[in-house]
Amino acid sequence: MKKIIFLTITILMLSFALPQITFGIGQMTKPIDLKDVLRGQEVTDTLYLVNSEDKEVIYQLKAEGEIADWASFYNISDKNLENPITEISIPPQSKIEAVVKFTVPQDTPNGEYTGEVAIIRAPKKEEGAGKMVVSVGERIGREVLITVTDKEIIKFETTIIPLKYGVRNGEPFKIKVIYDNQGNVSIKPALQLKITQIS
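Criteria and cut-off values
Along each chain, the written sequence defines residue order, and numbers are assigned to residues from 1. This being a predicted model, a pLDDT of at least 70 is required before a residue's local features are given, and a value of 80 or more before pairs of side-chain atoms are given or counted; all residues contribute to the totals for chains, interfaces and linings. Derived side-chain values reflect all non-hydrogen atoms in the structure, with water molecules and hydrogen atoms excluded from consideration. By convention in these notes, a salt bridge is any Lys or Arg side-chain nitrogen within 4 Å of a carboxyl oxygen on Asp or Glu. In this scheme, a residue with accessible area under 20% of its type's maximum is buried, one over 50% is exposed, and one in between is partly exposed, where area comes from a 1.4 Å probe on protein chains only. To qualify as a nonpolar core, a set must consist of buried Ala, Val, Leu, Ile, Met, Phe, Trp, Tyr and Cys residues joined through side-chain atoms within 4.5 Å. Numbering of helices and strands starts at the N terminus; helices are DSSP runs of H or I of at least 4 residues and strands are runs of E of at least 2. The contact criterion used throughout is that any non-hydrogen atoms of two residues lie within 4.5 Å. Note on pairing: DSSP must find at least two bridges between two strands before they are called paired. Axis lines are fitted through C-alpha atoms, for helices just across the contact stretch, and the angle between N-to-C directions can take any value from 0 to 180 degrees.

1. Things to note about the pattern of salt bridges
Oppositely charged side chains are able to pair whenever their charged atoms sit close together.
Here is step 1: One pass over the structure, following the stated rule, counts eight salt bridges.
Here is step 2: For K35, the salt bridge is made with D33, and the minimal N-O distance between the two is 3.4 Å.
Here is step 3: Given a relative accessible area of 54%, K35 falls into the exposed group.
Here is step 4: Put simply, E64 and K62 hold a salt bridge, and the shortest N to O gap is 3.8 Å.
Here is step 5: Residue E64 is classed as partly exposed on the basis of its relative accessible area, which comes to 26%.

So, in structure tokens, the structure goes:
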């Protein structure tokens, strides 16, 4: 019994004496599954990135596999996706979003293409007091599956909702229009509104 207690205490003391390594890198790892994508089409998805450390970190953004050359990355604030990036800075204790865009080449045969998008933090070397500490590089990948087809799918839904159901005399009648493109073809809707008086 004494030996077991001594062994337990020794292990606990060693665990406190050894340096503790905490990984501060993170991203949502739910696979990106894009179906019925046409040749030449551009499709996007959102990356959710996390920095749990108490200091700012810079992550490299990289795509690998069969879709490696199709991917480009953008800041979430770049609405028109005009300025691609290869790395992103994340403030301490923060979560931010980035955009990945996949551009399928015109000569891509039909089929399924796999790969992943990854955030990478290079290992750092720190020297001090006659010691050199080398941290392990951190990397988290997110699986990507893109199914390329030559079949156009047109599926488009429109919802029109009045902002107020009761409108007083002289008040403007305001409506909200929601477009939901569920196909794989870009559509630019044209709205025509006709108002009739029932009474």
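2. Quick notes on the nonpolar core
Here is step 1: If you look at the biggest cluster of nonpolar residues, it comprises 27 residues, and the most contacted ones within it are F102, V117 and I146.
Here is step 2: A total of four residues in this core trace back to one element, the largest contributor, which is strand β4 (residues 57-65).
Here is step 3: Every residue in contact with F102, bar those within four places of it in the chain, is listed here: I32, L34, Q41, E42, V43, I67, W70, A71, V117, V144 and I146.

3. Points about the sheet that holds strand β8 (residues 111-121)
Here is step 1: Spatially, five strands are ordered β2-β11-β8-β4-β6 in an open sheet, and the strand pairing comes out mixed. The open sheet terminates on both sides in strands that have one partner only, identified here as β2 (32-37) and β6 (87-90). Neighbour to neighbour, the strand axes of the sheet diverge by 25° on average, direction disregarded.
Here is step 2: Relative to β8, β4 is paired through six bridges, and the arrangement is antiparallel. What sits directly across from E64, in β8, is E116.

4. Overview of unusual backbone geometry
Here is step 1: If you check the backbone angles, L81 has positive phi at about 50° while not being a glycine.
Here is step 2: As for its position among the elements, L81 is in the loop between β5 (71-75) and β6.
Here is step 3: Backbone geometry places Q93, a non-glycine residue, at a positive phi of 50°.
Here is step 4: Looking at the element boundaries, Q93 is found in the loop between β6 and β7 (94-103).

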